Amino acid sequence: PKQTWFEVCELYQWQGSWYFAPHLEAMFTAQLLFEARDDDIIIATLPKTGTTWLKSLIPYIVEGSKYEDDDDDPFLKDSPQFVVKTLEINVFRGNQNPDLSMQDCLLSLARNPKDVFVSSWHFMNKVMRPMESPYPIEKAFESFCNGVQIFGPYFDHVLKYWNESLKVREKILFLKYEEMKRNPKGEVEKLASFIGRPFANNVEIENVLQKSSFERLKNLDVNKTGFVRHGGPPNSSFFRLGTIGDWKNYFTPDMQERLDHIATLKLEGSGLDLDI
Ligand code: A3P
């Protein structure tokens, strides 16, 4: 099945999720050819949940102090250790270098779906419809509620990783954007320990927090090659507000009620709290 999304691109459904055609191709290739190694870290996220933040954190944690100069920053240099870079799956590889030894694991990140929706509405308008008026938010919301969204449906995606993380706690870390915002130090320490690279001291933690901060990444020279996506949208489009609760500026009471209702039905019995 096919859907037109934001009136500018086509989404294809495969195994219950929605994809752009080039991502389908990348995913088929990855599924055929990708062989996981013992020191791979896999990041699996929905767009607009904070993928860019998580992707910046891994290289800084693993080898952060090596990059004191912005020009050498792995964020701008398209860290070669990201060996698979599709939108939904990013694989960071230690290349069996003992200095970079990490535990093989999977990280997932969730965010309040209301903020995910608002963030993706802005992103799509800016990147896919730069010359046109914004796509009506009501129509975009209708698609989101029907599960038509890149890599969505949102709840199915998030619940899949949440449920797996409960089964294999030592291998899958399930993070939440809101918790990372509220307690960055604690969450980044948790992340570092989980991937097998615990911090030695406070200075290391502060260094990583500063390097991965929204303000710093947003202001890095975006004209350089961004690791976010070669030939894709500029890095700047991945940094908008970086806050919790912007949805309140866009949601009508009806929208709120509808998404709350869907969330209640979908999350029932899962034990997952999405800060909705
Ligand atoms: P907003 O549009 O709400 O500001 P993704 O990388 O998955 O596409 O997600 C992008 C969202 O994460 C955007 O949300 C962006 O501003 C926010 N973001 C990016 N880097 C961040 C950082 N270092 N800290 C906090 N939020 C960040």
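Along each chain, numbering runs from 1 in the same order as the chain's sequence is written. Owing to the predicted nature of the model, reporting of local features is limited to residues with pLDDT of at least 70; listing and counting of side-chain atom pairs is limited to 80 or more, with chain, interface and lining totals taken over all residues.

**Quick look at the overall build of the protein chain**
To be explicit about the condition: For helices the rule is a DSSP run of H or I covering at least 4 residues; for strands it is a run of E covering at least 2, with both sets numbered from the N terminus onward. Contact between two residues is assigned when their C-beta atoms, built from the backbone, lie within 7 Å.
Across its full length, the protein chain holds 10 helices and eight strands. Taking the contacts inside the protein chain whose residues are at least 6 apart along the sequence as the reference set, 71% of them involve residues at least 24 apart.

**As for the site of the ligand**
Formally: Residue proximity rests on one test: whether the C-beta atom, placed from the backbone, lies within 6 Å of the molecule or strand. Charged residues are taken to be Asp, Glu, Lys and Arg, nonpolar residues to be Ala, Val, Leu, Ile, Met, Phe, Trp, Tyr, Cys and Pro, and polar residues to be all remaining types, Gly included.
Neighbouring residues of the ligand: 21 residues in total, closest T51, T52, S119, R240 and G242. Elements that contribute at least two residues to the shell around the ligand include exactly α2 (51–63), α3 (113–128) and α9 (214–219). For the shell around the ligand, the per-class residue count stands at seven nonpolar, 10 polar and four charged.

**Digging into the packing of helix α7 (residues 184–194) against helix α8 (residues 202–211)**
Test applied: Convention adopted: a line fitted to C-alpha atoms gives each axis, helices being fitted over their contacting stretch, and angles between N-to-C directions are expressed from 0 to 180 degrees. Oblique is the label for any angle not under 35 degrees, not over 145, and not in the 65 to 115 range, which are roughly parallel, roughly antiparallel and roughly perpendicular in turn.
Running from N to C, α7 and α8 cross one another at 105°; their axes reach a closest spacing of 10 Å. Of the possible angle classes, the one that applies to α7 and α8 is roughly perpendicular. Of the residues in α8, those in contact with P184, K185, V188 and E189 of α7 are I205, V208 and L209. When grouped by side-chain class, the residues that make up the contact of α7 with α8 number five nonpolar, no polar and two charged.

**With respect to unusual backbone geometry**
If a residue is not glycine, its phi is most likely negative; likewise, a peptide bond is most likely trans. Stated precisely, the cut-off is as follows: Exposure in this text rests on C-beta crowding, where 20 or more other C-beta atoms within 10 Å of a residue's own make it buried, 12 or fewer make it exposed, and counts in between make it partly exposed. The C-beta atoms are placed from the backbone.
Following G152, the chain continues to P153 via a peptide bond in cis, the omega torsion being 10°. We note that F6 has phi near 55°; this positive angle belongs to a residue other than glycine. Here F6 is to be found in the loop between β1 (2–5) and β2 (9–14). The exposure class assigned to F6 is buried, which follows from the 20 C-beta atoms found within 10 Å.

**Some remarks on the sheet that holds β2**
Quick reminder of the rule: What makes two strands pair is DSSP finding at least two bridges between them.
Strand order in the open sheet formed by three strands is β1-β2-β3, with antiparallel pairing between adjacent strands. Of all strands in the sheet, those with a lone pairing partner are β1 and β3 (17–19), marking the two edges. The sheet shows a mean angle of 35° between the axes of neighbouring strands, direction not considered. Relative to β2, β1 is paired through four bridges, and the arrangement is antiparallel.

**A closer look at the environment of L57**
In this structure, L57 sits in helix α2. Here L57 falls in the buried class, since 26 other C-beta atoms lie within 10 Å of it. Separated by 131 residues in sequence, L57 and V188 place their C-alpha atoms 8.1 Å apart. Ignoring sequence-local partners within four residues, the contact set of L57 consists of V188, L191, V208 and S212.

**What to know about the nonpolar core**
Definition in use: For this entry, the nonpolar core is defined as buried Ala, Val, Leu, Ile, Met, Phe, Trp, Tyr and Cys residues connected by C-beta atoms within 7 Å.
Counting residues in each nonpolar core, the largest one holds 48 residues, and the members touching the most others are I41, L57, I61 and L107. The element best represented in this core is α2, accounting for seven residues. Non-local contacts of I41, meaning those with residues more than four positions away in its chain, are made with I58, F92, M102, C105, L107 and I195.

**Some points on the confidence of the model for the protein chain**
For any part of a model where pLDDT is low, the fine detail of the predicted coordinates should not be relied upon. Convention followed: Confidence of the predictor at the level of single residues is captured by pLDDT, which takes values from 0 to 100.
Per-residue pLDDT for the protein chain has a mean of 88; in total, 88% of the residues score no lower than 70. Overall, residues 223–229 carries pLDDT values under 50, and its contacts beyond four positions in sequence, including any with other chains, amount to 16 contacts. Scored by ipTM, the complex comes to 0.99, with pTM at 0.93.

**Considering the pairing of strand β8 (residues 172–176)**
Of all the five residues making up β8, four are buried; the element is thus mostly covered by neighbouring parts of the structure. Both strand β7 (residues 105–110) and β8 contribute to a ladder of five bridges, which runs parallel. Within β8, the residue paired with L107 across the bridge is L173.

**Thoughts on helix α4 (residues 137–145)**
Stated precisely, the cut-off is as follows: The arc in question is formed by the directions pointing from the helix axis toward the C-beta atoms.
For α4, the set of buried residues is A140, F141 and F144. The arc enclosing the buried residues of α4, seen along the axis, measures out at 100°, which places them on a common side. Away from its buried face by more than 90 degrees, α4 exposes E138 and K139. On its buried face, α4 sits against α3 and α10 (253–267). Positive phi appears at G147, one or two residues downstream of α4, with a value of about 85°.

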